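Okay, here's what each chain looks like letter by letter:
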Amino acid sequence: MKTKGAILWGIDEPWSVEEIELGDPRGGEVQIRMETAGMCHSDHHMVTGATPMPSFPAMGGHEGAGVITKLGPNTPPDLAVGDHVVLSFIPACGRCPACVSGNMALCDLGMGLLSGQSVSDGSYRIQARGKDVIPMCLLGTFSPYMTVHHTSVVKIDPEIPFEVACLVGCGVPTGFGSSTHVANVMPGETAAIVGVGGVGMSALQGAVLSGARKVVAIDPNPWKREQAIKFGATHAYASMTEAIAPLMEVTEGRMADKVILTMGEMEGSYIEEGLILTAKAGTLVVTSMGRMDAFDVKMNNFLLCMLQKTVKGCIFGGGNARQDVPKLLSLYKSGQLNLDDMVTRSYALEDINQGYKDMLDGKNIRGIIKYTDADR
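Computed from a predicted structure; not experimentally measured. (Residues numbered from 1 in each chain as written. Predicted model: local features only at pLDDT ≥ 70, side-chain atom pairs only at ≥ 80, totals over all residues. Heavy atoms only, no water.)

Caption draft 1: Quick peek at the overall build of the chain. Helix and strand counts for the chain stand at eleven helices and 19 strands. In summary, the chain has a C-alpha radius of gyration of 20 Å against a globular reference of 21 Å for 376 residues, a match within 12%. When the backbone C-alpha atoms are referred to their principal axes, the chain occupies close to 65 × 40 × 40 Å. Of all 376 residues assigned to the chain, the portion counted as buried reaches 58%. A separation threshold of at least 6 residues defines the contact pool for the chain, and within that pool the share at least 24 residues apart is 71%. Looking at the chain as shown, the accessible area adds up to about 15,200 Å², and 53% of this sits on carbon and sulfur atoms. (Helix = DSSP H or I, 4+ residues; strand = E, 2+ residues; numbered from the N terminus. Rg over C-alpha atoms; globule rule 2.2 N^0.38 Å. Buried < 20%, exposed > 50% of the residue type's maximum accessible area, 1.4 Å probe, protein only. Contact = heavy atoms within 4.5 Å. Areas by Shrake-Rupley, 256 points an atom, 1.4 Å probe, with all protein chains shown as cover.)

Listed below in structure tokens is the structure:
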């Protein structure tokens, strides 16, 4: 079918919304009419080259929610036309060593996320200007229609609004799980969240719901610090340096039990800054993604060793999309997880470049793309 999508033709170029050719679903695949797509910072890493693409053109978008419209052969019986679904940015086969050991966020299918080649048969599902297109994370939610493998699909409660459902495909479980799964924030602890955009605000809410006594939000943007207080932060500071003295005071010198780095752009120097805020035997979680070609990490090895601190990486919140997505949406339905206020602005697909400018200017916690009948 012919539809449209936001295509990237090279590094540092703007998104180009143009006609694409979308293939029908093959073995184990479904076609989805997209309703919403989240505008995550990770897609901007494609633009800057921080996440290197093997070739161009590429199509963005790895957060999204919609309705199944077609089924390919050999699709699992629990999926049907009309089902409301969220797209998981990492597929989960449920059979590889990572999946069976409980690490579904590290499924072996993730090795092909930037290849553009389908899980089903290694072919491409999208073409633009006669060329094969690499969809972000084998998804490409920056289009009103998608053809994807069932391992990237999670069925959801149809009562959930699509505007918030799209957030649980990446940003919310990544941030929330950074606190609950990877940092393992415990009741009574002090947690510091550095960077409170979509992922950071989710990490903040995860720390609050885990029972942290003090939740410190750190962000240079005054508006985001104000929002962080509304989402449950007990303290807010403009930088990690500014937070050192007051954090020492409120913790009687112990510092934060858990520090989670969720800024949009990771730099090697942030590791040592985060470790300064981390208590003895505490944990620093690195959720922020740096450039793939960057190897410069700065830390004081003596203090890391002598104070027995831990540095942990984090992808997708260390969770399991098939389990975590329904749980997070049930927390939303019960009023315990605030997703509505995380959606700052909605955009038409044609306004995607403005949406990313607003993100970089610090105007959004999360911007989303809403598709209408005019897009079909």
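Now that the structure is up, let's keep going.
Caption draft 2: Local environment of the pairing of strand β13 (residues 214–218). Burial analysis of β13 places five of its five residues in the buried class, which makes it a mostly covered element. Neither face of β13 is exposed, since Lys214, Val216 and Ile218 on one face and Val215 and Ala217 on the opposite face are all buried. In terms of handedness, the path from β13 via helix α6 (residues 222–230) over to strand β14 (residues 235–237) forms a crossover that is right-handed. (Right-handed = clockwise from strand over helix to strand, strands pointing away.)

Caption draft 3: Region of the structure containing helix α1 (residues 41–48). Counted residue by residue, α1 has seven buried out of eight residues, so it is predominantly covered. Of the positions making up α1, those classed as buried are His41, Ser42, Asp43, His44, His45, Met46 and Val47. Here the buried face of α1 lies against β1 (2–8), β4 (58–59), α11 (352–360) and β19 (366–370). Just downstream of α1, Gly49 is the residue with a positive phi angle, here 90°.

Caption draft 4: How the structure looks around unusual backbone geometry. Here Phe56 and Pro57 are connected by a cis peptide whose omega angle stands at 10°. A positive phi angle is found at Arg129, which is not glycine, with a value near 55°. Among the structural elements, Arg129 can be located in the loop between β7 (126–128) and β8 (131–132). For Cys137, which is not a glycine, the phi torsion comes out positive at approximately 55°.

Caption draft 5: How the structure looks around the packing of aromatic side chains. The full count for this structure, using the stated rule, is four aromatic pairs. The rings of Trp15, Phe142 and Tyr356 are connected pair by pair, giving a single aromatic cluster. Between Arg376 and the ring centre of Tyr145, over which it is positioned, the NZ or CZ distance is 5.8 Å. (Phe/Tyr/Trp six-rings, centres within 6.5 Å; stacked < 30°, edge-to-face > 60°. Lys NZ or Arg CZ within 6 Å of the ring centre and 35° of its normal.)

Caption draft 6: Inspection of the sheet that holds β8 at higher detail. Reading across from one edge, β8-β7-β2-β1-β4-β9 is the order of the six strands in this open sheet, with mixed pairing throughout. Each end of this open sheet is capped by a strand with a single partner; those strands are β8 and β9 (134–135). In the sheet, β1 pairs with β4 via two bridges, with the strands oriented antiparallel. Residue pairing across strands places Ile7 opposite Met59, the latter belonging to β4. (Pairing = 2+ DSSP bridges.)

Caption draft 7: Spotlight on the sheet that holds strand β12 (residues 190–194). Strand order in the open sheet formed by six strands is β14-β13-β12-β15-β16-β17, and the pairing between neighbours is parallel. The open sheet has two free edges, formed respectively by β14 and β17 (310–313), since each of these has just one partner strand. For this sheet, the mean inter-axis angle between neighbouring strands, taken without regard to orientation, is 15°. (Axes fitted to C-alpha atoms, helices over the stretch in contact; angles between N-to-C directions.)

Caption draft 8: Focus on the environment of Ala37. Relative to the elements of secondary structure, Ala37 occurs in strand β3 (residues 29–38). On the basis of relative accessible area, Ala37 is assigned to the buried category, the value being 0%. Along the sequence, Ala37 and Gly169 sit 132 residues apart, while their C-alpha atoms lie 9.4 Å from each other. Non-local contacts of Ala37, meaning those with residues more than four positions away in its chain, are made with Glu63, Gly64, Thr141, Phe142, Cys166, Gly367, Ile368, Ile369 and Tyr371.

Caption draft 9: How the structure looks around the domain arrangement of the chain. For the chain, the assigned domains are domain 1 (2–169 + 338–375) and domain 2 (175–315). Relative to domain 2, the C-alpha centre of domain 1 lies at a distance of 29 Å. With 23 residues of domain 1 at the interface, the matching set in domain 2 holds 17 residues. For the pair domain 1 and domain 2, the summed buried surface comes to about 1,500 Å²; carbon and sulfur atoms form 63% of the total. At the surface where domain 1 touches domain 2, the tally comes to zero salt bridges. On inspection of domain 1 and its partner domain 2, the count reaches seven residue pairs in polar contact (both at pLDDT 80 or more). When residues of the side of domain 1 that touches domain 2 are assigned to their parent elements, the largest contribution, five residues, is made by α1. Residue classes in the side of domain 1 that touches domain 2 are distributed as eight nonpolar, eleven polar and four charged. (Domains from an automatic or database assignment. Buried area = accessible area lost by both parts, 1.4 Å probe. Salt bridge = Lys/Arg side-chain N within 4 Å of Asp/Glu carboxyl O. Polar contact = N/O pair within 3.5 Å; in protein donor to acceptor, adjacent residues only side chain to side chain. Nonpolar A, V, L, I, M, F, W, Y, C, P; charged D, E, K, R; others polar.)

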